[in-house]
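Each chain, letter by letter, is given below.
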Amino acid sequence: MQMVNENRLPHALMLCGPQGVGKKALATAFGCYLLSKKAEQQAAQPSMFGEPVEPAEHPMLKKLEHPDLHFTFPTIKLPSMGSTHMPISDDFIAEWRQLMTTSPYFGMDDWMEAVGAENQQAIITAGESDELVRKLSLKSSQGGYKVSIIWMPERMNIACANKLLKLIEEPPQQTVFIMISEEPDKLLETIRSRVQRIDVKRIDSESISKALVEKQGIGEEDARRISRLANGSWLKALQELKVGTENEQFLDMFIMLMRLAYQRRVRDLRKWSDTMASFGREKQKRFLEFFLRLTRENFMYNFKQQELCYMTRQEEDFAKNFARFVNEGNVLSIYDLTNRAIRDIGQNATARIVFFDFALQMIVLLLQK
């Protein structure tokens, strides 16, 4: 708001930070703030949605249906789409608005579930950049700003990225781009150099713990554990409260893998890899990232320093007997193996082969000391 009032608002911003720290909430609130003001009102005293606006504008902003507010986000190709159709954000705008108005704190897995994705990886296509060029070439319906909010720009394919670069270099009049990125290093350097980066910090554990007690009604000890595990992400904190969460399933799969590998039950490991192959690719990558975290936590558990460990009660119960098997002799090799699997899954390698090889390698690694 200070940028607007001092007339130094850049035409392209990029909010960076880890998942769940409020980047989408901030970007959306700022976009609504810009659209609730006309150019001659910019020097007025700001408030949550700017100065008082016409009553008709309020429902549009509240429902995120303002004609000058444009959302871009990763999409998938549905079976019902024609062979020549490149998916664009407007194909899924109803699902997006429903999710955003419920809560802007959601991740890629929630988005994939909302659009009914199975074994697909969401991207932003060149068709999206063409559509964005068309939309932003039109005059503002309200005579003020046009706002383009781009979630996960690092998922643009190269054709889309190049077209967006040209659009940012020669932006239409009174257009503001607000990008929301978790991995800005994956963006083209030419795009990163043309936006003003703002890093959104992690939420401190004390604030998350307090909010869990006051808003979710859980005990202080559980709130403390969850807030530490959340690592500054309100989204992760909320996910830990859900019964039957994905992380519980991942913990079961982690425990099963380690027990079968220790017992060298190759036939059962094959069944384990078949189960993993049945997950979608986004879910497979999330499991491997979960695997990396638990590897780290089990290694740190050996040092008997509570402040170094970030585990749920269930994870810690397993670590009491298992942690000694993750040690100085194998922890780096386990990390390397897991990162290779993440790379292979991301490059569309056959999941069944990747996970069976992963499981067989774990037999050897657990024996190292």
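Here the structure is a predicted model, which means the values were calculated and not measured.

## Focus on unusual backbone geometry
Of note in this structure, Gln174 is not a glycine but carries a positive phi near 55°. Backbone geometry places Asn231, a non-glycine residue, at a positive phi of 55°. Structurally, the position occupied by Asn231 is in the loop between helix 10 (220-230) and helix 11 (234-241). With a relative accessible area of 39%, Asn231 lands in the partly exposed category.

## As for the pairing of strand 1 (residues 12-16)
Across the five residues that make up strand 1, a large majority, five, are buried. Residue alternation in strand 1 divides its side chains into two sets, Ala12, Met14 and Cys16 and Leu13 and Leu15, and both sets are buried. Of the pairings in the sheet, the one linking strand 1 to strand 4 (residues 175-181) comprises five bridges and is parallel in character. Within strand 4, the position partnered with Ala12 by the bridge is Phe177. As paired strands, strand 1 and strand 5 (residues 196-199) are joined by four bridges and run parallel to one another. In the sheet register, Leu15 faces strand 5, and the bridge partner there is Ile198.

## Describing the sheet that holds strand 5
What the five strands build is an open sheet, ordered 2-3-4-1-5; its pairing is parallel. Looking along the sheet, the strands with just one partner apiece sit at the ends: strand 2 (69-72) and strand 5. Neighbour to neighbour, the strand axes of the sheet diverge by 20° on average, direction disregarded. Pairing analysis gives four bridges linking strand 2 to strand 3 (residues 146-151), with the strands arranged parallel.

## Looking at the confidence of the model for the protein chain
Reading predicted coordinates in detail is not appropriate for stretches of low pLDDT. Scored by pLDDT, the protein chain has a mean of 88; 93% of the residues are at 70 or more. Of all helices and strands in the protein chain, the one with the weakest mean pLDDT is helix 3 (residues 57-62) (71), whereas strand 1 scores best (97). Here residues 42-57 is modelled with pLDDT under 50, and outside its nearest four sequence neighbours on either side it reaches 33 contacts, counting other chains as well.

## Points about the packing of helix 13 (residues 266-277) against helix 17 (residues 351-366)
Remark: helix 13 packs on helix 17, axes separated minimally by 8 Å, with the N-to-C direction vectors making an angle of 140°. The angle between helix 13 and helix 17 falls in the class oblique. Remark: the crossing between helix 13 and helix 17 carries right-handed chirality. Of helix 17, the residues touching helix 13 (which contributes Val266, Leu269, Arg270, Trp272, Ser273, Asp274, Met276 and Ala277) are Ala351, Arg352, Phe355, Phe356, Phe358, Ala359, Leu360 and Ile363. Here the residues of the contact of helix 13 with helix 17 are counted per class, giving twelve nonpolar, one polar and three charged.

## Focus on the environment of Gln142
Its location among the elements puts Gln142 in the loop between helix 6 (126-136) and strand 3. Among the residues examined, Gln142 registers a relative accessible area of 28% and is labelled partly exposed. Sequence-wise, Gln142 and Ser36 are 106 residues apart; in three dimensions their C-alpha atoms are separated by 9.4 Å.

Conventions we followed
Residues numbered from 1 in each chain as written. Predicted model: local features only at pLDDT ≥ 70, side-chain atom pairs only at ≥ 80, totals over all residues. Heavy atoms only, no water. Helix = DSSP H or I, 4+ residues; strand = E, 2+ residues; numbered from the N terminus. Buried < 20%, exposed > 50% of the residue type's maximum accessible area, 1.4 Å probe, protein only. Pairing = 2+ DSSP bridges. Axes fitted to C-alpha atoms, helices over the stretch in contact; angles between N-to-C directions. pLDDT = per-residue confidence, 0-100. Contact = heavy atoms within 4.5 Å. Parallel < 35°, antiparallel > 145°, perpendicular 65-115°, else oblique. Left-handed = near helix turned anticlockwise from the far one by under 90°. Nonpolar A, V, L, I, M, F, W, Y, C, P; charged D, E, K, R; others polar.

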